[in-house]
Each structure stands twice: as structure tokens, then as C-alpha cells.
Amino acid sequence: MINLVLFGKPGAGKGTQAAFLKEKYNLLHISTGDLFRFNIQHGTDLGKLAQSFIDQGDLVPDSVTINMLEAEVDKHPEAKGFIFDGFPRTTDQAKALDEFLGKKQMPITATIALEADDDRLVERLLQRGQTSGRTDDQDEEKIRNRFQEYNLKTAPLRSYYEAQNKFHSIDGIGTIEEITDRLTAVIDHFL
Ligand code: ADP
């Protein structure tokens, strides 16, 4: 079983790459952002709760996010492994994930961060916002707030996973294929 965590600031390309990796390695892709957006679209209680945080570019509270993620994993007992995209984003989420996966004896294989500079990311996100309709991608101030949330709450996970020898990072600037190749070079090491 392979369980991967993809890190990277908003716009770093996690979702794009996850779509390739899930096919190549036969993994189930779980994006917490996609799950929240699905719930918002369907007007669920979870969606209503998450919306105000997402609209501001803030993280949704840990308890809500952790419960949602665990429920999603539990829906797929047949999975050969998972790609976690956008989770964990805080140390408490990382600890919860370790504990949850530990109980199932399906530990994280590797975490990989896609690195890219902020100005390039803002450019990508504003462009995405024009077609995706995502309001959190249409306002530079909200985008910069998401970067700040990342620096403050998610960046510390680097040392968390380094302590477990599970942290890798790759250059996220290049063509989609080049970045897929860089990712598979890391992942193939664990097959
Ligand atoms: P991006 O990586 O471009 O910010 P996502 O789709 O991963 O996009 O996430 C969109 C928003 O959903 C985040 O800004 C945040 O508000 C919320 N969100 C997603 N994942 C988490 C998480 N693990 N913890 C808290 N909030 C989250």
C-alpha cells in the first residue's frame, strides 16, 4: 500500500499532479478542498459551516476537517492506497492522521512538497479564478492570506515529517509532465 501526502501552497499544482498519480499508482485521491466545495454546492451543514472560512482564505477548523477526512477514508475500504491533497494542513491534523492511519496499519509512505514562489502562484491562481469560478481565487488579498495560513500553520509540517524521514520536496516550476516525472522519481523509490 502507498499513502502519499502532497504539500504545496495554493496553486502549486497538487490537484493537477494528483490526477496523474492516482492513475499511475492506482490510488484514491482525497482533496479536502474538493470535499468542502462539494458540500458547499450541495448546501449541506458542513458546507455552510466551511464556506465562511474558505471565503476569507482561512483554514476550516481542525475538528471539522479531521472528521470529514476520516469519514472519507472509511468510505473506501477497498482502496489500494491514498493521495491526500490539502490534508494535513496543521500539526494537529498531521497527528490525527498518523493516529488514524496507524490504527488501520496503513502508515504514510511519503510526503512531497511542490515548491513555487508566491508571485508565480498568485499569477496562476488569478488565472484559474477566471475560469473556475472559485471566489477564493479571484482576490489577491485572499490569496495572500492563504499563503500566510500556509506559512504559519502548514510549513511547520516539514520538520514534523522530516523527523519521521518522510519529507521530500521537488521544484514545482516546469511543465506538468516534468513535474510528474519529478514526483514519480521520488515515489518509485518506495515501490
Ligand atoms: P488551495 O490549495 O488552492 O488553497 P484547496 O482546494 O486545497 O485549495 O482548499 C481550499 C480551501 O479549503 C482552503 O483555503 C481552506 O479554507 C479549506 N481547506 C482545505 N483543506 C483544508 C484543511 N486540511 N484544513 C483546513 N481547511 C482546509
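Everything in this summary refers to the structure shown in the same document. None of the values given here were measured: they were computed from a predicted structure.

Locating Thr154 in the fold gives a position in helix α7 (residues 140-154). According to the relative accessible area criterion, Thr154 is buried, its value standing at 4%. Among the polar contacts made by the side chain of Thr154, one reaches the main-chain carbonyl oxygen of Arg89 at a distance of 2.7 Å. Look past the residues within four positions of Thr154 in its chain and what remains in contact with it is Phe7, Pro88, Arg89 and Glu149.

The buried fraction of strand β1 (residues 2-7) amounts to 6 of the 6 residues, a majority that puts the element mostly inside the structure. Taking every second residue as pointing to the same face, both faces of β1 are buried, with Ile2, Leu4 and Leu6 on one and Asn3, Val5 and Phe7 on the other. Inspection of the sheet shows β1 paired to strand β3 (residues 81-85) by 5 bridges, in the parallel sense. Bridge pairing in β3 links Asn3 to Phe82. As defined by bridge partners, β1 adjoins strand β4 (residues 110-115) across 4 bridges and the pair is classed as parallel. Bridge assignment links Leu6 to a residue of β4, and that residue is Ile112.

The next thing to look at is the packing of helix α2 (residues 32-41) against helix α4 (residues 62-74). For the pair α2 and α4, interaxial distance at closest approach is 11 Å and the crossing angle is 95°. Relative to α4, the element α2 is oriented roughly perpendicular. Across the interface between the two elements, Thr32, Leu35 and Phe36 from α2 touch Val64, Thr65, Met68, Leu69 and Glu72 from α4. Looking at the contact of α2 with α4 residue by residue, the class counts come to 5 nonpolar, 2 polar and 1 charged.

To continue, consider the packing of aromatic side chains. Taken as a whole and judged by the stated rule, the model has 4 aromatic pairs. With a centroid separation of 5.9 Å and 50° between ring planes, the pair formed by Phe7 and Tyr161 is classed as tilted. In this pair, Phe7 sits in strand β1 while Tyr161 sits in helix α8 (residues 157-162), placing the two residues 154 residues apart along the sequence. Given a relative accessible area of 4%, Phe7 falls into the buried group. By relative accessible area, which is 0% here, Tyr161 ends up buried. One aromatic cluster is present, formed by Phe7, Tyr160, Tyr161 and Phe167 through successive ring pairs. The lysine or arginine in question, Lys9, covers the ring of Phe147, its NZ or CZ lying 5.5 Å from the ring centre.

Inspection of the region around the ligand gives 19 residues, with Thr32, Arg37, Asp58, Gly86 and Gln93 positioned closest. At 3.1 Å from an oxygen atom of the ligand is found a side-chain nitrogen or oxygen belonging to Lys14. Out of a free accessible area of 540 Å², the ligand has 97% covered by protein chains. Looking at the shell around the ligand, the element that brings in the most residues is α2, giving 4 residues. In terms of residue class, the shell around the ligand is built from 6 nonpolar, 6 polar and 7 charged.

What follows covers the packing of α4 against helix α5 (residues 91-103). Two packed helices can be described by the angle between their axes and the distance between those axes. Contact geometry for α4 and α5: axes closest at 10 Å, N-to-C directions at 30°. Looking at the two axes, α4 sits roughly parallel to α5. Seen along the crossing, α4 lies across α5 with a hand that is right-handed. Facing α4, whose interface residues are Asp62, Thr65, Ile66, Leu69, Glu70, Val73 and Asp74, α5 presents Asp92, Gln93, Ala96, Leu97 and Phe100.

With the rule as written, the count across this model stands at 14 salt bridges. Across the pair Lys9 and Asp118 runs a salt bridge whose closest N-O atoms are separated by 2.6 Å. One end of the pair, Lys9, is in the loop between β1 and α1 (14-25); the other, Asp118, is in helix α6 (residues 118-132), and 109 residues separate them in sequence. Using a relative accessible area of 15% as the deciding quantity, one classes Lys9 as buried. Asp118 sits in the partly exposed class, given a relative accessible area of 24%. Across the pair Glu115 and Arg158 runs a salt bridge, and its minimum N-O distance is 4.0 Å. With Glu115 in strand β4 and Arg158 in helix α8, this pair connects stretches of sequence that are 43 residues apart.

The rules behind each value
Residues numbered from 1 in each chain as written. Predicted model: local features only at pLDDT ≥ 70, side-chain atom pairs only at ≥ 80, totals over all residues. Heavy atoms only, no water. Helix = DSSP H or I, 4+ residues; strand = E, 2+ residues; numbered from the N terminus. Buried < 20%, exposed > 50% of the residue type's maximum accessible area, 1.4 Å probe, protein only. Polar contact = N/O pair within 3.5 Å; in protein donor to acceptor, adjacent residues only side chain to side chain. Contact = heavy atoms within 4.5 Å. Pairing = 2+ DSSP bridges. Axes fitted to C-alpha atoms, helices over the stretch in contact; angles between N-to-C directions. Parallel < 35°, antiparallel > 145°, perpendicular 65-115°, else oblique. Nonpolar A, V, L, I, M, F, W, Y, C, P; charged D, E, K, R; others polar. Phe/Tyr/Trp six-rings, centres within 6.5 Å; stacked < 30°, edge-to-face > 60°. Lys NZ or Arg CZ within 6 Å of the ring centre and 35° of its normal. Near = heavy atom within 4 Å. Areas by Shrake-Rupley, 256 points an atom, 1.4 Å probe, with all protein chains shown as cover. Left-handed = near helix turned anticlockwise from the far one by under 90°. Salt bridge = Lys/Arg side-chain N within 4 Å of Asp/Glu carboxyl O.

It is worth stressing that arrangement in space is one thing and function is another; only the former is reported here.
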